[in-house]
Amino acid sequence: MSGCLMAGAIALAVSQGFTLGWTHSVERVGWVEEWQIDDGRLHLTQAAVRGSGAGMEPGEGAVLKDGWWVWSPGISVPSLSLAASGATGQGWRLCTDSGCRIIGAEPGAPLLLTPCAKGVAGE
């Protein structure tokens, strides 16, 4: 499966999906999600959280693996809007086939993640 992900104004080639990770702004523990792009939508295939607490309860069917609660949400959305509050101090770690980058670390407008329109970056 191959596709393209728009992260704000940046187009990223994606062949194996992408991973989005961050530190929860209240509980200060890790959260990681694995996403696939298919049929012009983003599909959340797996989520993992290193603990539980305020607004970050593990999902239905979660199992504990190496200190992480892991589950398969099965959620499909047209896009993701990431609030760039600066509250986490680190932003989000977005990883694709070509490596990882930090996005949304500075306070500002929300950052939109969406599949590329046809014709963008090889689509």
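Our subject is the structure that appears above.
Residues numbered from 1 in each chain as written. Predicted model: local features only at pLDDT ≥ 70, side-chain atom pairs only at ≥ 80, totals over all residues. Heavy atoms only, no water.

## So, the nonpolar core
Across soluble globular proteins, nonpolar side chains have a tendency to be buried as a group. Quick reminder of the rule: Definition of nonpolar core: a set of buried residues of the types Ala, Val, Leu, Ile, Met, Phe, Trp, Tyr and Cys, connected through side-chain atoms within 4.5 Å. Here the term buried applies to any residue with accessible area under 20% of the maximum for its type, exposed to any over 50%, and partly exposed to those in between, with areas from a 1.4 Å probe on protein chains only. Numbering of helices and strands runs from the N terminus, with a helix taken as a DSSP run of H or I at least four residues long and a strand as a DSSP run of E at least two residues long. When checking whether two residues touch, look at their non-hydrogen atoms; a contact exists if any pair is within 4.5 Å.
Of all hydrophobic cores here, the largest spans 18 residues; its most connected members are L5, F18, L20, W35, L42, L94 and L113. Counting only elements with at least two residues in this core, the list comes to strand 1 (3–7), strand 2 (10–14), strand 3 (18–23), strand 4 (30–38), strand 5 (41–49), strand 9 (80–84), strand 10 (92–96) and strand 12 (108–115). Beyond its immediate chain neighbours, meaning those up to four positions away, W35 contacts G17, F18, L20, L42, H43, L44, T45, V77 and L80.

## Details of the state of the cysteines
In plain terms, the rule: Put simply, a disulfide is two cysteine sulfurs that come within 2.5 Å.
Tallied over the entire structure, the rule returns 2 disulfides. Here C4 pairs with C116 through a disulfide, and the sulfurs are 1.8 Å apart. Disulfide C4 to C116: torsion about the S-S bond roughly -50°, handedness left-handed. Residue C4 is located in strand 1, and its partner C116 is located in the segment after strand 12; the two are separated by 112 residues in the primary sequence. Residues C4 and C116 agree in their burial class; the two are buried. Here the disulfide map of the chain reads 1-4, 2-3, the bonded cysteines being numbered as they appear in the sequence.

## Regarding the packing of aromatic side chains
Two measures describe an aromatic ring pair: the distance that separates the ring centres and the angle between the ring planes. Stated precisely, the cut-off is as follows: Two aromatic rings from Phe, Tyr or Trp, using only the six-membered ring of Trp, form a pair when their centres are within 6.5 Å; if the ring planes differ by under 30 degrees the pair is stacked, by over 60 it is edge-to-face, and anything between is tilted.
Per the stated rule, a full pass over the model turns up 3 aromatic pairs. Ring geometry for W22 and W31: centres 5.8 Å apart, planes at 20°, overall stacked. Given a relative accessible area of 10%, W31 falls into the buried group. Three or more aromatic residues joined by ring pairs form one cluster here, namely W22, W31 and W71.

## As for the pairing of strand 7 (residues 68–71)
For clarity, the cut-off: Paired strands are those between which DSSP finds at least two bridges.
With 3 bridges joining them, strand 5 and strand 7 adopt antiparallel strand pairing. From the neighbouring strand, A48 faces strand 7, where its bridge partner is V70. As defined by bridge partners, strand 6 (residues 63–65) adjoins strand 7 across 3 bridges and the pair is classed as antiparallel. Residue pairing across strands places V63 opposite V70, the latter belonging to strand 7.

## Regarding the environment of S76
Using the following cut-off: Polar contacts, as counted here, are pairs of nitrogen or oxygen atoms within 3.5 Å of one another; within protein the pair requires one atom able to donate a hydrogen and one able to accept it, and residues that are adjacent in sequence qualify only if both atoms are side-chain atoms.
Topologically, S76 is positioned in strand 8 (residues 75–77). Taking the C-alpha atoms as reference points, S76 and L42, 34 residues apart in sequence, are found 5.6 Å from one another. Among all residues touching S76, those that are not within four sequence positions of it are R41, L42 and H43. Only 3.1 Å separates the side chain of S76 from the side chain of H43, close enough to count as a polar contact.

## Description of the environment of C116
Judged by its relative accessible area of 8%, C116 is buried. In this structure the C-alpha to C-alpha distance between C116 and A7, which are 109 residues apart in sequence, comes to 9.3 Å.

## Observations regarding the sheet that holds strand 1
Note: strands within a sheet are paired through backbone hydrogen bonds, in either parallel or antiparallel orientation. So the rule is basically this: The angle between two axes is taken between their N-to-C directions and runs from 0 to 180 degrees, where each axis is a line fitted to C-alpha atoms and a helix contributes only its stretch in contact.
Ordered in space as 2-1-12-9, the 4 strands form an open sheet in which the pairing is antiparallel. Bordering the open sheet on either side are strand 2 and strand 9, each of which pairs with just one other strand. Neighbouring strand axes in the sheet, compared pairwise and without regard to direction, differ in orientation by 20° on average. One ladder, built from 4 bridges, connects strand 9 with strand 12; its direction is antiparallel. Following the sheet pairing, A84 is matched in strand 12 by G108.

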